[in-house]
Amino acid sequence: MRGKTHCLEVWGDFACFTRPEMKVERYSYPIITPSAARGIFDAIYWKKSYGFYWQVEKVEMLKPPRYLALRRNEVKDKAPGDHVILRWKDGRAEPEPLWADGDREQLGTDQKGRTQRQTMALKDVHYRIYAHLRFRDDGQDVRACDAQFERRAAGGQCYYQPFFGCREFPAFFALADAERPGPEPVRLDLDLGFMLYDVFDLSRANDNQAPPSISVFHAQLRNGVMQIPGYDVSAVKKAVEASGHA
């Protein structure tokens, strides 16, 4: 069961849709990935209890890709999860700081402190994204969900600030009419090879503890338009569980 097709026009100053094979020194795809596009729709309207996910249909590139090299100091540690922060807050565990500086002698390891990392990001991005609600089971009020999304998107409401790949690169959005074409996409053809489709199994409900499940697809840009296949079709290559060795 699916909802109607919605269209969002999104833009921003910077973006980085990291290619997974270049994760250490980040290098962005030239166009937004389906998972990043889905994240923008999720930021505006998503309810876990309703059992749906956003199926992105296509992306139109409204400005040609332009790269920008960034070099930043980043801490090596990962931010702790909510359960750890709650333990600190409740006094059940001693807070542990994230070290922003220090050498091996001071910290006792090379895995802490800061390091310089290179990022090849995009600048001045502008896309038009088409997507619809895909429900995992019947019995939902599709019209009501579509109306709620349109009301929130038209009013600029979102649960958190949408972003382009990294949270420090905010995305701005406006509801567009899917039936009326706006500015023409750029005339650009690119064979992008295998692109990251999503990092979760969209066929089942996911929560904060959901394990990653990588999927990819062969992405092609034709006249500035990238068509996105449905998650449940064979064009989307999904991770499978490795069988045990004899």
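Labelled according to an unreviewed UniProt entry, the protein chain appears under the name pre-crRNA processing endonuclease, originating from Methylococcus capsulatus. A UniProt comment under Sequence similarities (unreviewed entry) is attached to the protein chain, and it reads "Belongs to the CRISPR-associated protein Cas5 family. Subtype I-C/Dvulg subfamily."

Section: the nonpolar core
By size, the foremost hydrophobic cluster in this structure holds 50 residues, and its most contacted members are Ile 31, Ile 32, Tyr 127, Ile 129, Phe 164 and Met 226. Looking at this core, the elements that each hand over two or more residues are strand 1 (6–15), helix 1 (34–44), strand 3 (52–61), strand 5 (114–135), helix 4 (142–154), strand 7 (190–198) and strand 8 (215–222). Top contributing element to this core by residue count: strand 5, with eight residues.

Re the environment of Tyr 45
Relative to the elements of secondary structure, Tyr 45 occurs in the loop between helix 1 and strand 3. For Tyr 45, a relative accessible area of 1% gives the class buried. Sequence spacing of Tyr 45 and Ala 15 is 30 residues, and the spatial spacing of their C-alpha atoms is 22 Å. Excluding its chain neighbours within four sequence positions, the residues that come into contact with Tyr 45 are Tyr 50, Phe 52, Trp 54, Cys 145, Gln 148, Phe 149, Arg 152 and Tyr 159.

Here's the deal with the packing of aromatic side chains
Counting across every chain of the model gives 13 aromatic pairs. When the ring of Phe 14 is compared with that of Phe 169, the centres are 5.9 Å apart and the planes differ by 40°; the resulting orientation is tilted. Here Phe 14 is found in strand 1, whereas its partner Phe 169 is found in the loop between helix 4 and strand 6 (172–176), with 155 residues between them in sequence. For Phe 169, a relative accessible area of 6% corresponds to the buried category. An aromatic cluster of at least three residues, connected via ring pairs, comprises Phe 41, Tyr 45, Phe 52, Trp 54, Phe 135 and Phe 149.

A word on empty space enclosed by the protein
Throughout the structure, instances matching the rule amount to one cavity of 30 Å³ or more. For the largest cavity, the calculated volume is near 40 Å³. Taken together, Pro 34, Arg 38, Trp 54, Gln 55, Val 56, Tyr 197, Asp 198, Leu 202 and Ile 228 make up the full set of residues lining the largest cavity. Elements supplying a minimum of two residues to the lining of the largest cavity: helix 1, strand 3 and strand 7.

Some words on the pairing of strand 5
Where strand 1 meets strand 5, nine bridges bridge the pair, whose relative direction is antiparallel. Residue pairing in the sheet places His 6 in a bridge with Ala 131 of strand 5. By the bridge criterion, two bridges tie strand 2 (residues 26–27) to strand 5 in an arrangement that is parallel. The residue of strand 5 that forms the bridge with Arg 26 is Thr 119. Where strand 3 lies against strand 5, nine bridges are found, and the strand directions are antiparallel. By the bridge assignment, Val 56 is partnered in strand 5 with Ala 131. Examined bridge by bridge, strand 4 (residues 67–75) and strand 5 share nine bridges and lie antiparallel to one another. Of the residues in strand 5, the one forming a bridge with Arg 72 is Arg 117.

Topic: the pattern of salt bridges
One pass over the structure, following the stated rule, counts 15 salt bridges. Of the charged contacts in the structure, one is a salt bridge between Asp 42 and Arg 38, with a shortest N-O distance of 3.0 Å. Taken as a pair, Asp 42 and Arg 38 lie in helix 1 at a separation of four residues, close to a single helical turn. Salt-bridge contacts for Asp 90 lead to Arg 92; the nearest nitrogen and oxygen are separated by 3.1 Å. For Asp 90, a relative accessible area of 49% translates into the label partly exposed. When salt bridges that share partners are traced, they join Arg 26, Arg 72, Glu 74, Arg 117 and Glu 168 into one network.

What counts, and at which threshold
- Residues numbered from 1 in each chain as written.
- Predicted model: local features only at pLDDT ≥ 70, side-chain atom pairs only at ≥ 80, totals over all residues.
- Heavy atoms only, no water.
- UniProt positions renumbered as here; feature names shortened; annotations may be inferred.
- Core = buried A, V, L, I, M, F, W, Y, C linked by side-chain atoms within 4.5 Å.
- Buried < 20%, exposed > 50% of the residue type's maximum accessible area, 1.4 Å probe, protein only.
- Helix = DSSP H or I, 4+ residues; strand = E, 2+ residues; numbered from the N terminus.
- Contact = heavy atoms within 4.5 Å.
- Phe/Tyr/Trp six-rings, centres within 6.5 Å; stacked < 30°, edge-to-face > 60°.
- 1 Å grid on protein atoms, 1.4 Å probe; cavity = no way out; pocket = protein on both sides within 12 Å on 5 of 7 lines; lining within 4 Å.
- Points joined across faces, edges and corners; volume = space filled by probe spheres on them.
- Pairing = 2+ DSSP bridges.
- Salt bridge = Lys/Arg side-chain N within 4 Å of Asp/Glu carboxyl O.

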